[in-house]
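The lines below spell out each chain.
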Amino acid sequence: MAWNAAAGLSQDYSSIRFMFSNEQHVWKPSIYVENSVEDLSVITDLYTPMRMRMNGKIRWSTPAIYKVNCESDIRFYPLDYQSCEIRITTAGYTAIEIQLQLEKNPVSLMYYTENGEWELLSVESEKPQNKMEDGELFTKVIFRVNMRRRPLFHVLNTMFPVALMAFLIPMAFKLHVDSGEKMGYSLTVLLAYAVYLSMILENIPSTSVSICFISIYLASTLAVATIAVLFVIIVINVYHTSEDREIPSALQSFACCLQTCFCKRRKKPGQKRTKIEPMCIQDNKPIEKTPDVGDDVTISEEELTWKELARLLDKFFFIVFMATITVSTAAFIVIISLKINQY
């Protein structure tokens, strides 16, 4: 309907610039959101007026909130990037009857407000090729919203505490067995990680298509903490072993290797002790007696005990677990940092 000069009407209606009506009196195309997850009905609103201009163009801006299905990539959560599409198509009308077209600037951000969790990167629009259904072509348009999660909150409340808690695991081997807190400390760190993992999983979308790296990091660190508890039990058991029980040769060889690595020497079984004679004074000069050929020649290190073996195991496990946590944490930070640089 048009009433401008080009319409060729017998009377002049140019003083009427526009009129209002609604969809009860004016035909509108039947369109709907194709990937909606709540309501797949035709977009309609009886109470939103239509502005009809004299050249025949009608503007109908109906507000609505749509929940659509989006493929989420949570591998880099909580520093992830998401892209969500809103696909609009016609209902029943073919491409010959209705053609959906995009304006030059199809998306307006006039009423957009900043969000504390997500940062809007861009909004794109696209008109794909008409889809074929039962030999008929149907038209549709796609609006794509690109956004990323704001990192500051999650870095301070998720990543930073997780990394700090990881370095508490090897510290269990720095506690002396006689303190009585070695086992309790290990279990406390293990339970703290288990609770923190459950809290983070509540905020991560439930999907098996992609698994976030922070979940892998937490699960692996939880496994390391569990293994650390087992080794703490072994160290405590070794420490309290009776000295009357002989240390197996395999453990003695292992302890010898550890002492070599830690630059510490010990007396081997059957090795004699060196006799150090007192020094004599002659002409105001100290003279130390040289051992005779028949004297026992030994070193002054003490023989290996179960308690000494437990201390060596503590040092060994501390180095191993500290290296493991450091490497895994560094790898996690590098992977996340590389994704941030891509933004």
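Above this text you will find the structure in question.
Summarised in this report is the structure supplied together with it.

Cut-offs used in this document
- Residues numbered from 1 in each chain as written.
- Predicted model: local features only at pLDDT ≥ 70, side-chain atom pairs only at ≥ 80, totals over all residues.
- Heavy atoms only, no water.
- Pairing = 2+ DSSP bridges.
- Helix = DSSP H or I, 4+ residues; strand = E, 2+ residues; numbered from the N terminus.
- Patch = residues over 30% accessible without salt bridge, like charges linked within 9 Å, V, L, I, M, F, W, Y side chains within 5 Å.
- Areas by Shrake-Rupley, 256 points an atom, 1.4 Å probe, with all protein chains shown as cover.
- Salt bridge = Lys/Arg side-chain N within 4 Å of Asp/Glu carboxyl O.
- Lys, Arg positive; Asp, Glu negative; His and termini not counted.
- Charge placed at Lys NZ, Arg CZ, Asp CG, Glu CD.
- Buried < 20%, exposed > 50% of the residue type's maximum accessible area, 1.4 Å probe, protein only.
- Expected span 1.5 Å × (residues − 1).
- Arc of directions from axis to C-beta.
- Disulfide = S-S within 2.5 Å.

Bringing the sheet that holds strand E1 (residues 18-21) into the picture now. Sheet architecture is open: three strands sit in the order E1-E3-E4, paired in antiparallel fashion. In the strand order of this sheet, the two ends are held by E1 and strand E4 (58-59), each with one partner. As judged from the two bridges shared by strand E3 (residues 50-53) and E4, these two strands associate in the antiparallel manner. Residue pairing for E4: Met52 is matched across the bridge by Ile58.

With that out of the way, let us pick up a positive patch on the surface. The grouping of Arg17, Arg51, Arg53, Lys57 and Arg59 at the surface amounts to a positive patch. Looking at where Arg53 falls in the secondary structure, it is placed in strand E3. Taking relative accessible area as the criterion, Arg53 reaches 40% and is therefore assigned partly exposed.

Residues three or four positions apart in an α-helix share a direction because the helix packs 3.6 residues into each turn. Helix length check: helix H4 (residues 249-261), at 13 residues, gives a terminal C-alpha distance of 18 Å against a target of 18 Å (1.5 Å per residue), a fit within 8%. For H4, every residue scored as buried is listed here: Gln252, Ala255, Leu258 and Gln259. On an axial view of H4, the arc spanned by its buried residues comes to 120 degrees, and they lie on one face. Of the residues in H4, the exposed ones pointing more than 90 degrees away from the buried face are Ser249, Ala250, Thr260 and Cys261.

Quick look at the state of the cysteines now. Counted under the stated rule, the structure contains one disulfide. Residue pairing for Cys70: its cysteine sulfur links by disulfide to Cys84, the two sulfurs lying 1.6 Å apart. Of the two residues, Cys70 is situated in the loop between E4 and strand E5 (81-90) and Cys84 in strand E5; the sequence distance between them amounts to 14 residues. Its relative accessible area of 28% is what places Cys70 among the partly exposed residues. The thiol of Cys257 is not disulfide-bonded; the next cysteine sulfur, from Cys256, is found 5.9 Å away. Residue Cys257 is classed as partly exposed on the basis of its relative accessible area, which comes to 47%.

For the rest of this paragraph, the subject is the pattern of salt bridges. Scanning all chains against the criterion turns up 13 salt bridges. Put simply, Glu119 and Arg148 hold a salt bridge, and the shortest N to O gap is 3.0 Å. A residue pair is termed long-range when its members are at least 10 positions apart, and Glu119 in strand E6 (residues 118-126) and Arg148 in strand E9 (residues 140-149) qualify at 29 residues. Counted as one network, the salt bridges with shared partners bring together Glu34, Glu85, Arg87, Glu124, Glu126, Lys140 and Arg144.

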